[in-house]
Amino acid sequence: MVKIFLDTANVSEVKYAADIGLIEGCTTNPTLIMKEGRDYNETLVEICNIVNGPVSAETVALDAEGMVREGEAFAKLHKNIIIKVPMTQQGMKACRLLTAKGIRVNVTLCFQANQALLAAKAGAFIISPFIGRLDDISQDGMQLIRDIRQIYDNYGFGTQILAASIRHPIHVLESAKAGANIATLPFKVWEQLFQHPLTDKGIKQFLDDWEKVPKKK
Ligand code: G3P
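Everything numeric in this text was worked out from a predicted model, so none of it was measured.

K.L.:
Hey, could you go over the packing of aromatic side chains for me, with residue numbers and the actual values?
P.N.:
The geometry of an aromatic ring pair is captured by two quantities: the separation of the ring centres and the angle between the planes. Considering all chains together, one arrives at 8 aromatic pairs under this definition. A ring pair is formed by Tyr16 and Phe187, whose centres lie 5.9 Å apart and whose planes are at 80°; its orientation type is edge-to-face. In this pair, Tyr16 is assigned in helix H1 (residues 11-20) and Phe187 in helix H10 (residues 187-192), connecting sequence segments 171 residues apart. Taking the relative accessible area as the measure of exposure, Tyr16 reaches 45% and is therefore partly exposed. Note on Phe187: relative accessible area 16%, which makes it buried. Note on Tyr40 and Phe74: the rings are 5.5 Å apart at their centroids and 80° apart in plane angle, and the pair reads as edge-to-face. Placement of the pair is Tyr40 in helix H3 (residues 40-50) and Phe74 in helix H4 (residues 64-77), with a sequence separation of 34 residues. As far as the burial class goes, Tyr40 and Phe74 line up, both buried. Cluster of aromatic residues (ring-pair linked, three or more members): Tyr16, Phe187, Trp190 and Phe194. Lying across the ring of Phe125, Arg104 places its NZ or CZ 5.1 Å from the centre. Lys215 extends its terminal NZ or CZ atom over the ring of Trp210, reaching a point 4.7 Å from the ring centre.

Thresholds applied
- Residues numbered from 1 in each chain as written.
- Predicted model: local features only at pLDDT ≥ 70, side-chain atom pairs only at ≥ 80, totals over all residues.
- Heavy atoms only, no water.
- Phe/Tyr/Trp six-rings, centres within 6.5 Å; stacked < 30°, edge-to-face > 60°.
- Helix = DSSP H or I, 4+ residues; strand = E, 2+ residues; numbered from the N terminus.
- Buried < 20%, exposed > 50% of the residue type's maximum accessible area, 1.4 Å probe, protein only.
- Lys NZ or Arg CZ within 6 Å of the ring centre and 35° of its normal.

Here it is as structure tokens:
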């Protein structure tokens, strides 16, 4: 079952989407929080109080000890917080250590299937293949999701595949078909999922016709 997360640090967007009721988690990163110009911890807590699901907070240390320290501090903020570490050797060490402490880890910046295999072996709760950034350099981002799905199914890894760096609704459709567990969407793409010109046209026609129906006062 594909879950839908929002890829944002904008609290208004999270509030709006959560009110509609189809958001099961949220992913943030340093770039997204930089765009908001707000304190990261404060923003994370606000998001956690709105979203009933995992909220990813990203570490910025490059060494495992630093990642663990930052991860533990984030995890104390709210029970919904999960920790993003980069797909590096130090990141995988931090993934093992945080997982052993019962803190869930999202391994981010995954661009090849071998990285996803290593993340699963390190106990990652989530692996985040960045499909849009691969497409941007003329590589097939969706094939990466298919390869990871196959590897995880071959060996029964429970790590969830989160399709990240999504650019448009076709990425969501193809990720679902490829068996991704989660797709994290920029707010714009989340809105686009609802839309079709024939839906709008159909509503207009029904409303116009309804006006012509004789009604008893
Ligand atoms: O959350 C990480 C990922 O979704 C970033 O996407 O658009 O910066 O490639 P993007």
